[in-house]
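# What the coordinates show
The lines below spell out each chain.
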Amino acid sequence: MPTPSRYWREIPQRYRLEAAKCKKCGAVSFPPRLICPFCKAREFETVTLADKGKILTYTIIRVPPQPFADQAPYAVGIIELNDGVRLTGQIVDCNFEDLKIGGRVRIEFRKISQEGEAGLICYGYKFVPE
Amino acid sequence: MEGIVGYGAYIPRNRIKVEEIAKVWGADAPSYKKGLLVEEKSVPSPDQDTITMSVEASKNALKRARINPKEIGAVYIGSESHPYAVKPSGTVLAEAIGATPDVHTADFEFACKAGTEGMFVALSLVKAGEIKYGLAVGADTSQGAPGDALEYTAAAGAAAYIFGRENVVAEALVTYSYATDTPDFWRREYQYYPQHGGRFTGEPAYFKHIIGAAKGILDKARLKPSDFNYVIFHQPNGKFPFRVGELLGFEKKQIEPGWLVSKLGNTYSGSSPIGLTATLDISKPGDLILIVSYGSGAGSDAFVFRVTEKIDEVRDLAPKTRVLLDNNKNYLDYGTYAKFRGKIRKAE
Amino acid sequence: MREVAVIGVGMTKWGELWEKSLRDIFVETALLALDDAGVDKIDSLVVGCMSSGIFVGQEHLASLLADYLGQAPVPAARVESACSSGGLALRTGFIEVASGMADIVLVSGVEKMTDVSGQEATYVLGTAADQEYECYHGITFPGLYALIARAHMEKYGTTREQLALVAVKNHYNGSMNPLAQYPYKITVDAVLNSVLVADPLRILDCSPITDGAAALILCPLELAKKMKKPLVKISGSGQATDTIALSSRKDITWIESTFQAAKKAYAMAGKKPEDIDVIEAHDCFTIAEICVMEALGLVEKGKGGKAVEEGLTSLKGKIPVNTSGGLKAKGHPVGATGVAQAIEIVKQLREDAGPRQVKGARVGLTQNMGGSGGSSVVHIFERG
């Protein structure tokens, strides 16, 4: 479970999908970086990622890590958004049998985890089949 | 002119039927269905709450409003199921849509009328020239105590409205609010489920305040029921809206487009606001719409809207409410429903 | 650069070692290695351990272990690269000897994983992934490799049975290894019917949670010659990194870091994949071994599954992989694995592997990997 400051620091990425586009070569880094891994330039502009994409690969987690104990089984996938950026996230609101590589999904704002009954509630992006 | 510039709804896809609940508690399903005029209700997934639904409804409203979120000067969520007791829901929404940091945020609460409360304030700030756009959301994931009558109807959903002066889709002509201290339904702090006064929630509560607000606004606006194309009342069950409509002089066909409760359940602070989104979805330019909410405790907010030609441009820019209600449904059994709603006692 | 030899090895049985603490297993194996080498004083200690801090609340590990081995004031360092910490420790020790900075170096790998709950252990292993963009969303290690498995199966037609055959092979080998955690055979059916962990991977596709340590002693080849030991030298060493998040990889089905590390090791040793007689590969999950075979250049991309099916890598096959039982049967005390792999190869080259012996093995290779491929360390060993 992230601490308040570690959670808060990633809000622009988790809530708004803010990424960094390299001013020199145009490659998009998500999360944003200080140096472009492709061309090593150091200047970026803020962009927002596309909100739709397709499933590149997926699995169903049946043995969860502690913060997700209540949620299992749940599907997780690597999604390639329409702008080419790839991210990892849960795929929800679906029957597991309907999941397939190439399946189209859109992003929804959901609760990711919470620290028991008294701790922080963590929000972020998940994927819902279209 | 000021009014609605964008609107949007969000309804979770899970449902549970009245029969499924009745089966577990040994209740007579047909008589519940007949008495409540409710067949099924929406159920939030464990990863959905008032905040997540507010964000999705607001994104739909933004799709229709087509404005820069940074120009939103106020963000309000009205709910009786805010995820935190202390820590605003509105700030999460404001961050998620990109309205921060130059924004006024407040969380509203007044049982089922918290949504229209936020709408009243956002609209008023626009009217006063204080802000360019104001976003107000009515959303809830309220709980009904296991086996209680409310368990058959307590549902989840959200509706978001963006108010402004430019490209108005539905002009806000008049508002009226009516409130008294009436203890018909309440929940004390640290209590998981609310309590209610049984039949006391009817005439002295729901009916008195809706009628009070409706008569007040009709007087103020110098309009009669027959002037309206549509009316939306708060929908705690399927019968009350028709009964109060009848008492006020409205016809069934005026109520039907915004009457979702039989398939949706009572979405509390989302109830009449979601009904209004469904109505806007089928309205035409020039239509006159009345919405009267009700919140236990008790009070009602009433608004008169006149639809403009802009509705034809924006209607299809986001999912229609009836589509969200009728499509892609996932029916749950009571065990899964209880697990999703945190009604099963777990180890510490 | 001096040539470097391995002159001593030490390893005890791996498993759920309730009675032994992290310091116990380190010292026991270190003493065995020192005895095997016939030395009692070392010039440097390098320890590979992924997460003693979270598992047993102990940092400052290398100093602690130097102290408990009775070797203080020896310089000591702990190195970490998740599951390739052991391989990295070996490489670090190799560099110290090769550069002339130290003569006798004790390289140790150790991990004590059972003092925390299974869920806590899953969390710790997850710290090898991207905490904020993978773990935050509920991914686990089996989950990451399951993502790779499904992509590999979709792209190349690799089958569930081919994955199972990796586990079956490694258990067959491990059944002949008295130090293995699970020294018994299993069948393909057993794998395919075992409980699902992260579709399509089942529990028998996954390496276990293990307590264990392994140690070896390095010294300059010239010194080893003087000591009249069976000469085994390290002729190649390579390490490489790749993106930490699986979603950032160019090709989810390909382990680029192993390819790059192997390239460097092959070049240093002047060897090609065909020259290798026996390999210890990082089969944290069955799919991993298949991908590693491809990345090491033993087979073409995508053909790893078929190769296992055809017996290329079985004990009697053309290029035996994981004669020790691999991580699957031997166990995977994270930081210790890389060192234990080296020990198996040394035993093979010393012709000391008993029923697991690959006849005439002269050149061996170890491949140790961190996370979902964010780091890889490859070493090549030869008879001196």
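Residues numbered from 1 in each chain as written. Chains lettered and ligands numbered in written order. Predicted model: local features only at pLDDT ≥ 70, side-chain atom pairs only at ≥ 80, totals over all residues.

This part takes up the overall build of chain B. Looking only at helices and strands, chain B has 13 helices and 14 strands in total. Summarising its shape, the C-alpha atoms of chain B cover approximately 55 × 45 × 40 Å along the three principal directions. Within the span of chain B, comprising 348 residues, buried residues form 56% of the whole. A sequence separation of at least 24 residues applies to 79% of the contacts in chain B between residues at least 6 apart. (Helix = DSSP H or I, 4+ residues; strand = E, 2+ residues; numbered from the N terminus. Buried ≥ 20, exposed ≤ 12 C-beta atoms within 10 Å, placed from the backbone. Contact = placed C-beta atoms within 7 Å.)

What follows deals with helix 7 (residues 160–174) of chain C. Residues and elements named next belong to chain C. Here helix 7 spans 21 Å end to end across 15 residues, near enough to the 21 Å set by a 1.5 Å rise per residue. In terms of burial, helix 7 is largely enclosed, as 12 of its 15 residues are buried. All of the buried residues in helix 7 are Gln162, Leu163, Ala164, Leu165, Val166, Ala167, Val168, Lys169, Asn170, His171, Asn173 and Gly174. The inward-facing, buried residues of helix 7 contact helix 6 (141–156), helix 8 (188–193), helix 11 (286–295), helix 12 (304–309) and helix 13 (326–330). (Expected span 1.5 Å × (residues − 1).)

All names here are of chain C. Segmentation of chain C into domains returns domain 1 (4–117 + 210–227) and domain 2 (129–206 + 235–383). Placing a centre on the C-alpha atoms of domain 1 and another on those of domain 2 gives a separation of 23 Å. Each partner contributes residues to the interface: domain 1 has 35 residues there, and domain 2 has 30 residues. Looking at the side of domain 1 that touches domain 2, the elements with two or more residues in it are strand 1 (4–11), helix 4 (85–98), strand 4 (105–111) and strand 7 (212–220). Here the side of domain 1 that touches domain 2 is composed, by residue class, of 19 nonpolar, 12 polar and 4 charged. (Domains from an automatic or database assignment. Nonpolar A, V, L, I, M, F, W, Y, C, P; charged D, E, K, R; others polar.)

Facing the 29 residues of chain C at the interface are 27 residues of chain A. Secondary structure elements with two or more residues in the side of chain C that touches chain A: helix 5 (118–126), helix 6 and strand 5 (196–198) of chain C. Ranked by the residues each element gives to the side of chain C that touches chain A, the list is headed by helix 6 of chain C, at 7 residues. Grouping the amino acids of the side of chain C that touches chain A by side-chain chemistry returns 14 nonpolar, 9 polar and 6 charged.

Each partner contributes to the interface: chain B provides 15 residues, whereas chain A provides 14 residues. If you list the elements that add at least two residues to the side of chain B that touches chain A, you get helix 3 (50–65) and helix 4 (90–97) of chain B. Per-element tally for the side of chain B that touches chain A: the top contributor is helix 3 of chain B, with 4 residues. Partitioned by chemical class, the residues of the side of chain B that touches chain A number 6 nonpolar, 4 polar and 5 charged.

This part is about the environment of glycine 374 of chain C. Residue and element names in this part refer to chain C. Structurally, glycine 374 can be placed in the loop between strand 10 (363–370) and strand 11 (375–383). Put simply, glycine 374 and alanine 128 are 246 residues apart on the chain and 8.6 Å apart in space, counted from C-alpha to C-alpha. In this structure, glycine 374 is in contact with Thr241, Asp242, Thr243, Ile244 and Ser257, ignoring residues within four places of it in sequence.

The next point concerns unusual backbone geometry. Here the residue pair alanine 72 of chain A and proline 73 of chain A is connected by a cis peptide bond, since its omega of 0 degrees sits within 30 degrees of zero. Mapped onto the secondary structure, proline 73 of chain A falls in the loop between strand 4 (52–61) and strand 5 (74–81). Following aspartate 199 of chain C, the chain continues into proline 200 of chain C via a peptide bond in cis, with omega recorded as 5 degrees. Looking at where proline 200 of chain C falls in the secondary structure, it is placed in the loop between strand 5 and strand 6 (201–202). Of note, leucine 37 of chain B is a non-glycine position whose phi angle comes to about 55 degrees, a positive value. In this fold, leucine 37 of chain B is placed in the loop between helix 2 (29–36) and strand 3 (40–43). On the basis of neighbour counts, which here come to 17 C-beta atoms within 10 Å, the residue leucine 37 of chain B falls in the partly exposed class. Positioned with a positive phi, asparagine 322 of chain C is a non-glycine residue whose angle comes to about 65 degrees. Following the sequence through the fold, asparagine 322 of chain C ends up in the loop between helix 12 and helix 13. Given 28 C-beta atoms within 10 Å, asparagine 322 of chain C falls into the buried group.

So, about the sheet that holds strand 2 (residues 14–17) of chain B. All names here are of chain B. Taken in spatial order, the 3 strands make up an open sheet running 3-2-14, and their pairing is mixed. Of all the strands in the sheet, just strand 3 and strand 14 (330–331) have a single pairing partner and so form its edges. Sheet topology note: the strand 2/strand 14 ladder contains 2 bridges and is parallel. Among the inter-strand pairings, arginine 15 is bridged to a residue of strand 14, identified as tyrosine 331. Along the sheet, helix 1 (residues 18–25) makes contact with strand 2 and strand 3, crossing strand 2 at roughly 55 degrees. (Pairing = 2+ DSSP bridges. Axes fitted to C-alpha atoms, helices over the stretch in contact; angles between N-to-C directions.)

For the rest of this paragraph, the subject is the domain arrangement of chain B. Residues and elements named next belong to chain B. For chain B, the assigned domains are domain 1 (3–169 + 320–340) and domain 2 (170–307). Computed over C-alpha atoms only, the centres of domain 1 and domain 2 are separated by 16 Å. With 46 residues of domain 1 at the interface, the matching set in domain 2 holds 43 residues. Those elements giving two or more residues to the side of domain 1 that touches domain 2 turn out to be strand 1 (3–10), strand 3, helix 5 (114–127), strand 6 (133–141), strand 7 (156–164) and helix 12 (321–326). Take the side of domain 1 that touches domain 2: its biggest share by element is 6 residues, from helix 5. Considering only residue class, the side of domain 1 that touches domain 2 consists of 24 nonpolar, 13 polar and 9 charged.

Here we come to the arrangement of the chains. When the 2 pairs of chains in contact are ranked by number of contacts, first place goes to chains A and C. These two, chain B and chain C, are apart from each other, with no contact and a minimum C-alpha gap of 12 Å.

All names here are of chain C. Its location among the elements puts tyrosine 182 in the loop between helix 7 and helix 8. Spatially, the C-alpha atoms of tyrosine 182 and threonine 337 are 15 Å apart, while their sequence positions differ by 155 residues. Residues within four places of tyrosine 182 in sequence aside, it is in contact with His171, Gly174, Pro208 and Ala329.

As a further point, take the nonpolar core. Residues Val137 of chain B together with Tyr145, Leu216 and Val339 of chain C are the most contacted members of the largest nonpolar core, which totals 282 residues. Leaving out residues up to four positions away in the same chain, leucine 216 of chain C has contacts with Val6, Gly8, Val9, Ala33, Val107, Val339, Ala342, Ile343 and Val346 of chain C. (Core = buried A, V, L, I, M, F, W, Y, C linked by C-beta atoms within 7 Å.)

Another point: the pairing of strand 8 (residues 170–182) of chain B. Residue and element names in this part refer to chain B. For strand 1 and strand 8, the ladder comprises 2 bridges, and the chain directions are antiparallel. Bridging across to strand 8, isoleucine 4 finds its partner in alanine 170. Pairing between strand 8 and strand 13 (residues 297–307): 10 bridges, direction antiparallel. The residue bridging valine 174 from the neighbouring strand is valine 304, located in strand 13.

All names here are of chain C. Strand order in the open sheet made by the 9 strands is 3-2-4-7-1-8-11-10-9, with mixed pairing throughout. With partners counted over all chains shown, the strands left at the sheet margins are strand 3 (76–79) and strand 9 (278–280), one partner each. Across this sheet, the average inter-strand angle for adjacent strands is 25 degrees, counted without regard to direction. Sheet analysis places strand 1 next to strand 7, joined by 7 bridges and oriented antiparallel. Across the sheet, the residue bridging to glycine 8 is isoleucine 217, located in strand 7. Contacting strand 1, strand 4 and strand 7, helix 1 (residues 22–37) crosses the sheet at an angle of about 130 degrees to strand 1. Here helix 3 (residues 61–68) sits on the sheet in contact with strand 2 (44–48) and strand 3, set at roughly 135 degrees to strand 3.

This part is about the pairing of strand 10 of chain C. Successive side chains on a regular strand alternate, one facing one side of the sheet and the next facing the other. Residue and element names in this part refer to chain C. For strand 10, the tally of buried residues reaches 8 of 8 residues, placing the bulk of the element in the interior. Side chains Val363, Leu365, Gln367 and Met369 of strand 10 all project onto a buried face; the interleaved residues Gly364, Thr366, Asn368 and Gly370 project onto the opposite face, where all are buried too. In terms of strand pairing, strand 9 meets strand 10 through 3 bridges, oriented parallel. Bridge pairing in strand 10 links isoleucine 279 to leucine 365. Both strand 10 and strand 11 contribute to a ladder of 8 bridges, which runs antiparallel. Among the inter-strand pairings, asparagine 368 is bridged to a residue of strand 11, identified as valine 377. Hairpin connection from strand 10 to strand 11: 4 residues lie between these consecutive antiparallel strands, with glycine 371 at a positive phi of about 60 degrees.

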